[in-house]
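This is what each chain is made of:
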Amino acid sequence: MAINQTAAPEYAIEVNDVSMVFNMASEQLNSLKEYFIKLARRELFFKEFRALDHVSFKVPKGEVMGLVGTNGSGKSTMLKIIAGVLEPSEGSVVVRGNIAPLIELGAGFDLELTARENIYLNGSLLGYTKEFIDEHLDEIVEFAELRDFMDMPLKNYSSGMVARIAFAIATITEPDVLIVDETLSVGDVFFQEKCERRIQSFIDSGNVTVLFVSHSIEQVERLCTSAVWIERGKQRMIGPVKEVCEAYRNQFN
Amino acid sequence: MSATTDLSTTYAKSGIAKDVFILRQLVTKDFKLKYRRSVLGVVWSVLNPLLMMVVMSIVFSYLFGSNIENFPLYLIVGNITFSLMSDSTNAALWSIIDAAPLLKKVKVDRFVFPVQKVLFALVNFAFSLIAVALVMLWFHVMPTWHLVWLPVCLVLLMLFCIGIGLAIGSLAVFFRDIIHLWGVVILAWTYLTPIFWDFSLLTSNPAVPSWIITLVKVNPMYNYITFMRDIFLWQQSPSMTTLAACVLWAVVMLAVGFVIFRKTEHKFILYV
């Protein structure tokens, strides 16, 4: 299934036969008593929901791969598994290098803390060292264009301002693997362009492996070289971006 | 931009280094948020145990304290030690549920959240030691070399609390009942621990059944508090029995907590 069979260790992301099963309890059980009563009566039923069903693909180092599929097809679940937030029910995922997950920006942001304090908090969660943040604080602030508001609690920020800070921290260094999930739509048009330029510069450098998710099929075609199409948790197609996008579009006709 | 970055210092060298930095940031956050917008700020961490001691001294000295030397010191040492346990476990109880937004967004070692709460309680405890020092000064109790045991006692108590924290924090994700239950457990535990009463009251009273005496003796908090009182108040090294009990409880509780946490942590994200 892999696009490139040569040089096996050169894959930045390897998704090996991953399935994700969610147990949807038929009722919400939130107490011990209910649990034991149901257990004793053998009424503890779960509905199984397969969000991902035996998905496998590999992304070679430096490649930009798109992930397409309609709403609810399991794209976000796939990204969360690759980012390490979710653990797959079956199969395994190998990621070589540091990941910058631009899936959910601003993890750990506390609205009561100032922007400066939040940069350190968020930076620690992204795995940066304190020295690195000290050194690059100015750069982050510069990119977010929020120099005058650094010591203001985040709750006084607009959502656009919060997103700017979050994007600036996550992309301050060149990661090995970049996961982009439509976060480009943060802030105003000017900041969006700035974000796109930064991501483009990562792509151009050739060192960064990018996994790109978007509903805009044009954007995927423009940025990516190959693509995976996931539909209802099943892998439908994998290959060069043109062919996959063509097939994806044709399903609607 | 980023091309000039020296990669060797960008990312934490190991998982442990990353977790230590995360823990430091999280504990700092707790600390800042706790005292934000209070006039006295951190002084409350000193004042609180002092005020508690004053109240309890007034209430209890006529009941239990008549035969204990420096009863207020006896009280405050017992009280802050027990508070360290109750504060840290009460916070650890919520730690994983409260970390839901984080757990759903980033890859992070999940044990940091209960540990964060225990460390934060330790920071507060450090400030209450200032209160203890003030009380010792007031009663002219001179500190002795036995205080070198303090780190030993604190490390053991920390491990014990982390063990409980891991266990109840994990279980609370699946059964919110634990949250209600824990308040009752802490209350019962408070009365079963000689914080404001004297253990000799029990042993000297023939009406007390022996199983209650045994229960108090194996009570981990009785042992930790005895350890603390030995080094602060009675100015002696802890007895081998006390030390052994403290070590045993720390190891057992940590093991129990670790096993429960390890068995359940993979399912947290589906329930928080």
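Residues numbered from 1 in each chain as written. Chains lettered and ligands numbered in written order. Predicted model: local features only at pLDDT ≥ 70, side-chain atom pairs only at ≥ 80, totals over all residues. Heavy atoms only, no water.

Things to note about the overall build of chain A
Rules: Counting from the N terminus, the helices are DSSP H or I runs at least four residues long and the strands are E runs at least two residues long. Any residue under 20% of the maximum accessible area for its type is buried, any over 50% is exposed, and the rest in between are partly exposed; the area is computed with a 1.4 Å probe on protein chains only. Working rule for contacts: check all heavy atoms of both residues, and any pair within 4.5 Å makes them a contact. For the accessible areas, the method is Shrake-Rupley and the probe is 1.4 Å, while residue cover comes only from the protein chains on display.
The secondary structure content of chain A amounts to 8 helices and 9 strands. Counting over 253 residues, chain A shows a buried share of 51%. Of all intrachain contacts in chain A linking residues separated by at least 6 positions in sequence, the fraction that spans at least 24 positions is 72%. Summing over all exposed atoms, chain A offers an accessible surface of approximately 11600 Å²; the carbon and sulfur share of this is 50%.

Focus: helix H3 (residues 43-60) of chain B
Heads up, the condition is: One less than the residue count of a helix, multiplied by 1.5 Å, gives the span that helix is expected to have.
Spanning 18 residues, H3 of chain B covers 26 Å between terminal C-alpha atoms, matching the ideal 26 Å at 1.5 Å per step. Where H3 of chain B is buried, its residues touch helix H2 (15-35), helix H4 (71-98) and helix H6 (112-138) of chain B.

What about the packing of aromatic side chains?
Basically, it comes down to this: Aromatic pairing here means that ring centres of Phe, Tyr or Trp (its six-membered ring) are within 6.5 Å. Orientation follows from the plane angle: under 30 degrees is stacked, over 60 is edge-to-face, and everything else is tilted. When the NZ atom of lysine or the CZ atom of arginine is within 6 Å of a ring's centre and also within 35 degrees of its normal, the charge is said to sit over that ring.
Following the criterion strictly, the structure yields 22 aromatic pairs over all chains and no others. Plain terms: the ring middles of phenylalanine 174 of chain B and phenylalanine 268 of chain B are 6.1 Å apart, the flat faces sit at 40° to each other, and that makes the pair tilted. Residue phenylalanine 174 of chain B is found in helix H7 (residues 150-174), and its partner phenylalanine 268 of chain B is found in helix H13 (residues 268-271); the two are separated by 94 residues along the sequence. Classification of phenylalanine 268 of chain B by relative accessible area gives buried; the value is 1%. Between tyrosine 191 of chain B and phenylalanine 196 of chain B, the ring centres sit 6.5 Å apart and the planes meet at 80°, which makes this aromatic pair edge-to-face. Among the residues examined, phenylalanine 196 of chain B registers a relative accessible area of 10% and is labelled buried. The ring of phenylalanine 143 of chain A has arginine 198 of chain A lying over it, and the distance from NZ or CZ to the ring centre is 4.0 Å.

Re the nonpolar core
Residue and element names in this part refer to chain B. Put simply, the rule is: By convention a nonpolar core is built from buried Ala, Val, Leu, Ile, Met, Phe, Trp, Tyr and Cys residues, the set being connected through side-chain atoms within 4.5 Å.
Core analysis: the largest hydrophobic core is formed by 88 residues, its most contacted members being Leu73, Ile76, Phe160 and Trp189. Here this core takes 15 residues from H7, the largest share from any one element. The residues touching tryptophan 189, leaving out its near neighbours within four places in the chain, are Phe82, Met85, Phe160, Ile164, Trp182, Asn219, Pro220 and Met221.

Considering the confidence of the model for chain A
Atom-level detail of predicted coordinates should not be read off regions where pLDDT is low. All names here are of chain A. Put simply, the test is: Known as pLDDT, the predictor's confidence for each residue is given on a scale from 0 to 100.
This prediction gives chain A a mean pLDDT of 84; 89% of its residues lie at or above 70. Mean pLDDT per element in chain A: helix H1 (residues 32-40) is the minimum at 74, and helix H4 (residues 130-144) is the maximum at 93. Across residues 1-7, confidence stays below pLDDT 50; counting only partners more than four residues off in sequence or on other chains, it has 13 contacts.

Topic: the interface of chain A and chain B
Using the following cut-off: When two parts are put together, the accessible area they lose, computed with a 1.4 Å probe and summed over both, is reported as buried area. The term salt bridge refers to a pairing of a side-chain nitrogen on Lys or Arg with a carboxyl oxygen on Asp or Glu at a separation within 4 Å. Nitrogen and oxygen atoms within 3.5 Å of one another constitute a polar contact, given that in protein one can donate a hydrogen and the other can accept it, and given that sequence-neighbouring residues count only through two side-chain atoms.
Listed per partner, the contact involves 44 residues of chain A and 33 residues of chain B. Area buried by chain A at its contact with chain B is led by Val85, Glu87 and Leu125 of chain A, which between them contribute 16% of it. Counting the contacts that link chain A with chain B gives 4 salt bridges. For lysine 29 of chain B, the salt bridge identified is with aspartate 110 of chain A, shortest N-O distance 3.6 Å. The interface formed by chain A and chain B includes 6 residue pairs in polar contact (both at pLDDT 80 or more).

Here we look at the confidence of the model for chain B
Residues at a pLDDT of 70 or more form 96% of chain B, whose mean pLDDT is 91. Ignoring residues within four places in sequence, the model shows residues 1-5 of chain B, a span with pLDDT below 50, making 11 contacts including any to other chains.

Comments concerning helix H5 (residues 159-170) of chain A
Residue and element names in this part refer to chain A. For H5, built from 12 residues, the straight-helix expectation of 16 Å at 1.5 Å per residue is met to within 8% by its first-to-last C-alpha distance of 17 Å. By the criterion of burial, H5 is predominantly enclosed, with 10 of the 12 residues buried. All of the buried residues along H5 are Met161, Val162, Ala163, Arg164, Ile165, Ala166, Phe167, Ala168, Ile169 and Ala170. Contacts made by the buried residues of H5 are with strand E5 (99-102), helix H3 (115-125), H4 and helix H6 (189-205).

Digging into the pattern of salt bridges
Residue and element names in this part refer to chain B. Inspection of the entire model under this criterion finds 21 salt bridges over all chains. Aspartate 30 serves as the salt-bridge partner of lysine 117, at 3.3 Å between the closest nitrogen and oxygen. With a gap of 87 residues between them, lysine 117 in helix H6 and aspartate 30 in helix H2 connect regions that are remote in the sequence. When sorted by exposure, lysine 117 lands in the same class as aspartate 30, which is buried. Among the ionic pairs, glutamate 265 bridges to arginine 262, the shortest N-O distance being 3.0 Å.

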